[in-house]
There are 2 protein chains.
Amino acid sequence: MWARGAGFAPFVAKPGLPMGFDMRRAIARKRDGGVLSAGDWHSILQAHQTGEADDAQLAALLMAAFLRGLDTQETAGLTRAMIESGETLEAPAPNCVDKHSSGGVADTASLIVVPIVAACGIPVAKLSGRALGHTGGTLDKLEAIEGVRTDLAPERFAAQVREVGCAIAAQSARLVPADKKMYALRDRTSTVQSLGLVAASIVSKKIAAGAPAIVYDVKVGGGAFFNKLDDARALAQTLVDLSVSFGRRAVAIVTDMNEPLGASIGTGLEALAAREFLDGTRRDARLRALCQKLGIALLAAGGYAGDAGEAFERALAGGAAYERFERMLAAQGMRPGALEKLVPHGSSTQACAERTGFVAAIDASALGLLARDAIEAHGSNAGIVVHKRIGDAVRSGEALATVYGASDAARAAGAFAVGDAPPPERPLVYFETASVRSTLETR
Amino acid sequence: MWARGAGFAPFVAKPGLPMGFDMRRAIARKRDGGVLSAGDWHSILQAHQTGEADDAQLAALLMAAFLRGLDTQETAGLTRAMIESGETLEAPAPNCVDKHSSGGVADTASLIVVPIVAACGIPVAKLSGRALGHTGGTLDKLEAIEGVRTDLAPERFAAQVREVGCAIAAQSARLVPADKKMYALRDRTSTVQSLGLVAASIVSKKIAAGAPAIVYDVKVGGGAFFNKLDDARALAQTLVDLSVSFGRRAVAIVTDMNEPLGASIGTGLEALAAREFLDGTRRDARLRALCQKLGIALLAAGGYAGDAGEAFERALAGGAAYERFERMLAAQGMRPGALEKLVPHGSSTQACAERTGFVAAIDASALGLLARDAIEAHGSNAGIVVHKRIGDAVRSGEALATVYGASDAARAAGAFAVGDAPPPERPLVYFETASVRSTLETR
């Protein structure tokens, strides 16, 4: 697997458009509820790449796909065609793992789990994305640490995974170039929220990047892109089915995003939270529970032989995970003393409760957007630290959150709803696809 | 009505886009089955005109409109917005009429009916289109007559209607400019065949051109754009409802297009057929029946006081219609002797029956495309004259059609199916909306 090196390798030859391909006919087929083959999708994306089909034609087709839906087989065909639009990578190691989150607020799990899993001996080659809307992006959090770079060349990325055991980098623009174009088009034509299109976008990038095993964390709730459990569950299953159809190991969990996952929201604050989690200073219970779940899934996906739960706790308690965190950052260019600079300074205001009671709901989206605005205005040290979580008792006038770098405490307080009684408990994990092991067994 | 003259008049003021208009939200609303208001459609088309919304966004919206459908009220809103995209005309006379055909093969009715109705004293201000696909365009037929121009300025068009009683011209590009852009987009994104979009396209142009009364001829069958009677009937009713909602008188009939309407197919051949019909040389029975139906409807729409059927026959028999035909053409620039030059010369071949029997079916589309190809290669005198119609007895080796200017007689013969027995008779008129008079009464 490793024999051909970590460089870019062509996935398939790209012949010219097959004779008789007709974009209008393809659009009409999807419009009328038909199914387009992998070859059709290949021709469609190729025609778009060469300019033979224009944005308007692709947009009409995507709207038809949105409204008519794509079944699993058609989604796989589209995914393959998207992969074929660019170059592909070999995995840095045959047992390395990758993790994907569908995006949430205060979701610092990647920065925490990646070094833990690496400390247990399973290499992690993680490709991450940028912040989108109200959600944070792992790359932005890493770059809040002075000196840290995420634009690693494929060779350097692979070498770091082998030498340090883990790396978190941006995906090369040479992988799945069709995805970037399609996403921009879907964004402006209101065709983003389609199960098939979302799944093809996510999985094509993971497959092209070479990950042999992938753990998907699909968020559901007010702070996520999916609000309905059924939609999230369908996406989770589709992500796994698609990945397995490309010969990869995969598992997906659907987790709660009805309040910020951790206490800290913001690029620098979340990097700091990861550090404090790993060195034992502060470990938010909900964030810890999710990290444990994801860590064990990643270890299983990487073929960890022993008790993954025990290994996870050992790496965390013994300091091996923290040490791996620092080594990873150092390998990616972190300046000395950069982690200390993450501690927020400058002005801060308290968002306080207007009444006594129990926190009934938190608008994670609103807090995510507030943190984004504060960072845009005041830099990566700005953001929000949440002091009260859903179900917590609160007295009138007590601090619900601290807002760093912005004076808009009222906006932050408005994201909290306080009621008379604590709401019923919500699970952290709603759904989980068949374990990696049984996924492998059924193949 | 005539007071403000025949020049261009602004229809409504065009304010800037309303605050808070969001193209993505508009697309999402239609995508989810919602209804867009006239104001929404106005904003959408304006945003597209100014470049604030791009082709891809409009294409996605049109696909959503195609799949979700537009009810009558929403179609009226879109029609209004399309009219507001350009300038509008006053009618040349308060009682003048216009006619629209949805497009067929060998449909020479406009060239015949317009002078007949004018000869009966009802002015006809007809704006026509070009050939589309396998169907002929009235403008192209007129321009096959040496010297005839169809690009009349609005003032000249109006003056001719008043002086000669009729004119047939191309629609100014300043009327409903949104339609041209939308049609080009729909054509390449497979969103043409939508009831609401088709109706808005047709009616917006008629309303913008100022026609006080309109007769719509909706073709149905293999040689038409609509193949299903239900679709044609729905379009007919929508065209009338829309027109009436804009304060116009209107009637629509659904007529058969399962074989070429007349015997001649081709620009010059159809102009010749119109001449021969009017001067009495040759009158195809099916074409005559439709012209009578349309002529009477136009006379009624124009408020003709007497017996419209009698007036029609009188104008035809007495030569008044033919004289009006020549005056109209002369007013539009016809050179002396131009009508004589329409007689086909040069090579011709016979398409012959391979067996004895009865003509069971004729592929009008195929003949339309063959005539188009012949004209492209050999000029406007080329085309096809059909000798056998559906139901006619034919002997093996007997001529089914003569093809002028092309040697592809086999292709023409292949468009005829010969069976053992004559097929059941088909009506010429399948459906008719409430008469103009009762349409007026219910307003």
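Residues numbered from 1 in each chain as written. Chains lettered and ligands numbered in written order. Predicted model: local features only at pLDDT ≥ 70, side-chain atom pairs only at ≥ 80, totals over all residues. Heavy atoms only, no water.

(A) Local environment of the packing of aromatic side chains. Residues and elements named next belong to chain A. Inspection of every chain in the model, using the stated rule, returns two aromatic pairs over all chains. Measuring from centroid to centroid gives 6.2 Å for Y322 and F325, while their planes differ by 40°, and the two rings are tilted. Residue Y322 and its partner F325 are both found in helix α14 (residues 320-331); the two are separated by three residues, about one turn of the helix. On the basis of relative accessibility, which here comes to 15%, the residue Y322 falls in the buried class. Exposure remark for F325: the relative accessible area of 0% places this residue in the buried category. (Phe/Tyr/Trp six-rings, centres within 6.5 Å; stacked < 30°, edge-to-face > 60°. Helix = DSSP H or I, 4+ residues; strand = E, 2+ residues; numbered from the N terminus. Buried < 20%, exposed > 50% of the residue type's maximum accessible area, 1.4 Å probe, protein only.)

(B) Spatial organisation of the nonpolar core. Membership of the largest hydrophobic core comes to 133 residues, with the highest contact counts inside it found for I44(A), L78(A), I44(B) and L78(B). For this core, the element with the most residues is helix α3 (residues 55-68) of chain A, which contributes 10 residues. Here I44(B) is in contact with F21(B), M23(B), A26(B), L36(B), L58(B) and L61(B), once residues within four sequence places are set aside. (Core = buried A, V, L, I, M, F, W, Y, C linked by side-chain atoms within 4.5 Å. Contact = heavy atoms within 4.5 Å.)

(C) Molecular detail of the sheet that holds strand β13 (residues 399-404) of chain B. Residues and elements named next belong to chain B. Spatially, four strands are ordered β8-β11-β13-β9 in an open sheet, and the strand pairing comes out antiparallel. In this open sheet, the two edge strands, each paired with only one partner strand, are β8 (264-265) and β9 (348-352). Across two bridges, β8 lies against strand β11 (residues 383-386) in antiparallel orientation. Counted as the bridge partner of S264 is V385 from β11. (Pairing = 2+ DSSP bridges.)

(D) Geometry of unusual backbone geometry. All names here are of chain A. A positive phi is found at A106, a non-glycine position, where the angle reads about 60°. Tracing the backbone through its elements, the reader meets A106 in the loop between β3 (97-101) and α5 (109-119). Taking relative accessible area as the criterion, A106 reaches 1% and is therefore assigned buried. One non-glycine residue, V176, adopts positive backbone phi at about 45°. Relative to the helices and strands, V176 is located in the loop between β5 (166-170) and α8 (177-188).

(E) Quick look at the relation of the copies chain B and chain A. With an RMSD of 0.1 Å, chain B superimposes on chain A once it is rotated by 180° and translated 0.0 Å along the axis. Accordingly, the operation relating the two chain copies is best matched by a two-fold axis. Identified as the residue of chain B closest to the rotation axis by C-alpha distance is A56(B), at 1.8 Å. Looking at the interface residues of chain B, 100% of them are also at the interface in chain A, so both copies use one shared face. (Least-squares fit on C-alpha atoms with pLDDT ≥ 70 in both.)

(F) Representation of helix α9 (residues 195-208) of chain A within the structure. Residues and elements named next belong to chain A. The end-to-end C-alpha distance of α9, which contains 14 residues, comes to 20 Å, matching closely the 20 Å that a straight helix rising 1.5 Å per residue would cover. Burial analysis of α9 places 12 of its 14 residues in the buried class, the great majority of the element. What α9 keeps buried is the set G196, L197, V198, A199, A200, S201, I202, V203, S204, K206, I207 and A208. Positive backbone phi, approximately 90°, marks G210, located one or two places after α9. (Expected span 1.5 Å × (residues − 1).)

(G) Summary view of the interface of chain B and chain A. Taken together, the contacts link 20 residues of chain B with 20 residues of chain A. Where chain B abuts chain A, roughly 1,800 Å² becomes buried across the two surfaces, and 62% of that area is made up of carbon and sulfur atoms. It is R31(B), L67(B) and R188(B) in chain B that bury the most area against chain A; as a group they hold 31% of the surface buried on that side. Where chain B touches chain A, the interface holds four salt bridges. (Buried area = accessible area lost by both parts, 1.4 Å probe. Salt bridge = Lys/Arg side-chain N within 4 Å of Asp/Glu carboxyl O.)

(H) Structural detail: the side chain of D98(B). Within the secondary structure, D98(B) is located in strand β3 (residues 97-101). Once you skip the residues sitting within four places of it in the chain, D98(B) turns out to touch A125(B), K126(B), L127(B), K206(B), A211(B), A213(B), I214(B), V215(B) and L298(B).

(I) Seen up close, the side chain of K99(B). Residues and elements named next belong to chain B. Inspection of the secondary structure puts K99 in strand β3. Buried within the structure, K99 lacks any salt-bridge partner; its nearest side chain of opposite charge belongs to D107, at an N-O separation of 4.9 Å. A polar contact is formed between the side chain of K99 and the side chain of S110, at a distance of 2.8 Å. Other than its neighbours up to four places away in sequence, K99 contacts A109, S110, K126, K206, V215, L294 and L298. (Lys, Arg positive; Asp, Glu negative; His and termini not counted. Polar contact = N/O pair within 3.5 Å; in protein donor to acceptor, adjacent residues only side chain to side chain.)

(J) Just the pattern of salt bridges, in detail. Residue and element names in this part refer to chain B. Overall, the coordinates contain 65 salt bridges over all chains when judged by the stated rule. Residue R389 pairs with E259 through a salt bridge whose shortest N-O separation is 3.4 Å. Here the residue R389 occupies a position in the loop between β11 and β12 (393-394), and E259 occupies one in the loop between β7 (249-256) and β8, the gap between them amounting to 130 residues. Given a relative accessible area of 13%, R389 falls into the buried group. Assessed through its relative accessible area of 4%, E259 is described here as buried.

(K) Summary view of helix α7 (residues 154-164) of chain B. Of the positions making up α7(B), those classed as buried are P154(B), F157(B), A158(B), A159(B), Q160(B), V161(B) and V164(B). Phi for G165(B), located one or two positions after α7(B), is positive at around 100°.

(L) Structural detail: the packing of α5(A) against helix α12 (residues 285-301) of chain A. Residues and elements named next belong to chain A. Between α5 and α12, the least distance of the axes is 9 Å, while the angle of their chain directions is 45°. Classified by the angle their axes make, α5 and α12 are oblique. For α5 against α12, the interelement crossing comes out right-handed. Contact residues: A109, I112, V113 and V117 in α5; L287, L290, C291, L294, G295, L298 and L299 in α12. When its residues are assigned to classes, the contact of α5 with α12 shows 10 nonpolar, one polar and no charged. (Axes fitted to C-alpha atoms, helices over the stretch in contact; angles between N-to-C directions. Parallel < 35°, antiparallel > 145°, perpendicular 65-115°, else oblique. Left-handed = near helix turned anticlockwise from the far one by under 90°. Nonpolar A, V, L, I, M, F, W, Y, C, P; charged D, E, K, R; others polar.)

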